[in-house]
Amino acid sequence: MKERAAIIGVGQTPYKSHHDYTIPELSQQAAMEALDMAGMSMDDIEAVVYSMAPSEFLGVNEPDKWCVDAVGGRNKPFMRIHTGGATGGSAAQAGFFHVASGLFESVLVVGADKVRECTDSQQVLNTIWDPVYERQFGLDTIAMAAFQAVRRMYKYGTTEEQMARVAVRLLQNGLNNPKAHLKGKITIDDVMNSGYYEWPIKKFDTCPSSAGGAAVVIVSEEKAKKLCNRPAWINGCSEIANTVFMGDQMGGAAEMDYADWDELAIAAKEAYGQAGITNPKKEIQVADVYAPFTVTDLAICEALGFCDKGESEKLNEEGFFDMDGEIPISPSGGSLCTNAIAVTALARVCDAALQVLGKAPGKMQVKNVSNAVATGIGGSFQFHTIMVLGSDYN
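In short, a report on the structure. (Residues numbered from 1 in each chain as written. Predicted model: local features only at pLDDT ≥ 70, side-chain atom pairs only at ≥ 80, totals over all residues. Heavy atoms only, no water.)

Some points on the overall build of the protein
Link 1 in the chain: Broken down by element type, the protein carries 13 helices and 11 strands.
Link 2 in the chain: At 19 Å, the protein has a C-alpha radius of gyration in line with the 21 Å of a compact globule built from 394 residues.
Link 3 in the chain: Its C-alpha atoms give the protein principal-axis dimensions of about 55 × 45 × 45 Å.
Link 4 in the chain: For the protein, buried positions account for 62% of its 394 residues.
Link 5 in the chain: Relative to all contacts within the protein whose residues are 6 or more apart in sequence, the contacts with residues 24 or more apart total 77%.
Link 6 in the chain: About 15,100 Å² of surface is accessible on the protein, with carbon and sulfur atoms providing 49% of the total.
Link 7 in the chain: Each charge class in the protein can be summarised by its mean position, and for the 33 positive and 49 negative side chains these summaries are 5 Å apart. (Helix = DSSP H or I, 4+ residues; strand = E, 2+ residues; numbered from the N terminus. Rg over C-alpha atoms; globule rule 2.2 N^0.38 Å. Buried < 20%, exposed > 50% of the residue type's maximum accessible area, 1.4 Å probe, protein only. Contact = heavy atoms within 4.5 Å. Areas by Shrake-Rupley, 256 points an atom, 1.4 Å probe, with all protein chains shown as cover. Lys, Arg positive; Asp, Glu negative; His and termini not counted. Charge placed at Lys NZ, Arg CZ, Asp CG, Glu CD.)

Set out below in structure tokens:
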């Protein structure tokens, strides 16, 4: 890449089940907060990347077209990104490439979603799958998590109680995040008694359907040093795709097991290499990850190199990933607390950037953060994104 790039502004609306604001209004609110933090205005932005997942959730045809004026995109290069749940991570990377290529010095990455405006989001998500081979099984995103949980139970002896411990950690983290949708102090018994959606996934193992907006401002090195005392440098990023067919992700030709996310491990290795990170367990202080289900959090921790395969359950029980643990995972509460699909992965970038900027609210801030990681996931758990942010440029 020709140019260094950094995040200097972060914005998010509060997340909740319903917002009276429209998608353009939510997008604009997030954009203005990010621009205010960056000390910039919309006139200072040279290009806009819009993060927008399936239009079907909103009942508006291609809603990004509706939002151009609201986010300052008129008469500027404007690009919509859509990779399912990974959309926000892909959009952030597109914004980075816009700047790192030398084409632009300032880019706004922004989006919003109102998932509950769709009468049946799981029915929409069922259309991810092949209409002949898989769709008629009634697959949805909860089924994806259930399959992964069963695979981990078979391969590593994972228990429902161990998954429940993830929910306890993340919902408690959410108490420190004023923007989080769900939050609360719960027990393992609360999770176990919350009722099954698709065995072994229960209500409290599952993310909410959220509404809200998110944005980041990405700028060149020159602007970053001029406008920000401590930029969040984008030191590494990568994205990878696997087949949509879940059966082919179970082994065989794919040489991968659905219990593990070897795809994310491949992307992480690339991003770490760009960032000069050789020992993520020692060099990364915090990660905010896209884990919409408790079991996915366990797989992500292993794929990111924080522990070996099959070890995350035990480390989670020991508090390794707690706020006062060795590597806090999702101090924001992550996707289990908030899931506005179009921007969920962008929110992970926002929250990781806040950690590096030293601007995470109150007890959500981890001490002495030099390197933070954000991830995204989309499709049939087939798209993975990762971004490594640092206080120093590699």
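Brief notes about the layout of surface pockets
Over the atoms a probe the size of a water molecule is rolled, and this reveals where empty space is left.
Link 1 in the chain: Size it by volume and the largest pocket reaches roughly 940 Å³.
Link 2 in the chain: Lining the largest pocket are 45 residues, and of these Gln122, Thr141, Cys207, Ser209 and Asn339 lie nearest its centre.
Link 3 in the chain: For the lining of the largest pocket, the elements supplying multiple residues, two or more each, are helix 3 (121-126), helix 4 (141-156) and strand 10 (371-378).
Link 4 in the chain: The biggest single contributor to the lining of the largest pocket is helix 3, with four residues. (1 Å grid on protein atoms, 1.4 Å probe; cavity = no way out; pocket = protein on both sides within 12 Å on 5 of 7 lines; lining within 4 Å. Points joined across faces, edges and corners; volume = space filled by probe spheres on them.)

Some remarks on the pairing of strand 2 (residues 47-51)
Link 1 in the chain: In terms of residue burial, strand 2 counts as a mostly covered element, since five of its five residues are buried.
Link 2 in the chain: Burial of the side chains of strand 2 extends over both faces: Ala47, Val49 and Ser51 are buried on one face and Val48 and Tyr50 on the other.
Link 3 in the chain: Bridging between strand 2 and strand 4 (residues 106-114) involves five bridges; their strand directions are parallel. Across the sheet, residue Ala47 finds its bridge partner in strand 4, namely Val107. (Pairing = 2+ DSSP bridges.)

Observations concerning the side chain of Gln93
Link 1 in the chain: Take Gln93: it is sitting in helix 2 (residues 87-100).
Link 2 in the chain: Residue class for Gln93 comes out buried when judged on its relative accessible area of 4%.
Link 3 in the chain: A distance of 3.2 Å separates a polar side-chain atom of Gln93 from the backbone oxygen of Ile386. (Polar contact = N/O pair within 3.5 Å; in protein donor to acceptor, adjacent residues only side chain to side chain.)

Notes on empty space enclosed by the protein
Link 1 in the chain: Taken as a whole and assessed by the stated rule, the structure comprises two cavities of 30 Å³ or more.
Link 2 in the chain: Taken together, Gln12, Tyr15, Asn177, Lys179, Ala180, Ser332, Gly334, Thr338, Ala347, Arg348 and Asp351 make up the full set of residues lining the largest cavity.
Link 3 in the chain: With three residues, the single largest contributor to the lining of the largest cavity is helix 13 (residues 344-357).
Link 4 in the chain: A per-class count over the lining of the largest cavity returns three nonpolar, five polar and three charged.
Link 5 in the chain: Each pocket or cavity is described by its volume, and for the second largest cavity that value is around 40 Å³. (Nonpolar A, V, L, I, M, F, W, Y, C, P; charged D, E, K, R; others polar.)

Structural notes on the sheet that holds strand 11 (residues 383-390)
Link 1 in the chain: Reading across the sheet, the nine strands line up as 3-2-4-7-1-8-11-10-9 and stay open at both edges, with mixed pairing between neighbours. Two strands in the sheet have a free side with no partner beyond their single neighbour: strand 3 (78-81) and strand 9 (286-288). The average undirected angle you get between the axes of adjacent strands in this sheet is 25°.
Link 2 in the chain: Here four bridges tie strand 2 to strand 3, and the two strands are oriented parallel to one another. From the neighbouring strand, Val49 faces strand 3, where its bridge partner is Met79.
Link 3 in the chain: Of the strands in this sheet, strand 8 (232-241), strand 10 and strand 11 touch helix 8 (residues 262-275), which is tilted by about 150° from strand 8. (Axes fitted to C-alpha atoms, helices over the stretch in contact; angles between N-to-C directions.)

Some words on the nonpolar core
Link 1 in the chain: Residues Ile7, Val216 and Val217 are the most contacted members of the largest nonpolar core, which totals 77 residues.
Link 2 in the chain: A total of nine residues in this core trace back to one element, the largest contributor, which is helix 13.
Link 3 in the chain: Filtering out sequence-adjacent residues up to four positions away, Val217 remains in contact with Ala6, Ile7, Ile8, Gly9, Ala34, Leu35, Ala38, Met40, Ile45, Val107 and Leu108.
Link 4 in the chain: Core analysis: the second largest hydrophobic core is formed by 60 residues, Val168, Leu298, Phe306 and Phe321 among them. (Core = buried A, V, L, I, M, F, W, Y, C linked by side-chain atoms within 4.5 Å.)

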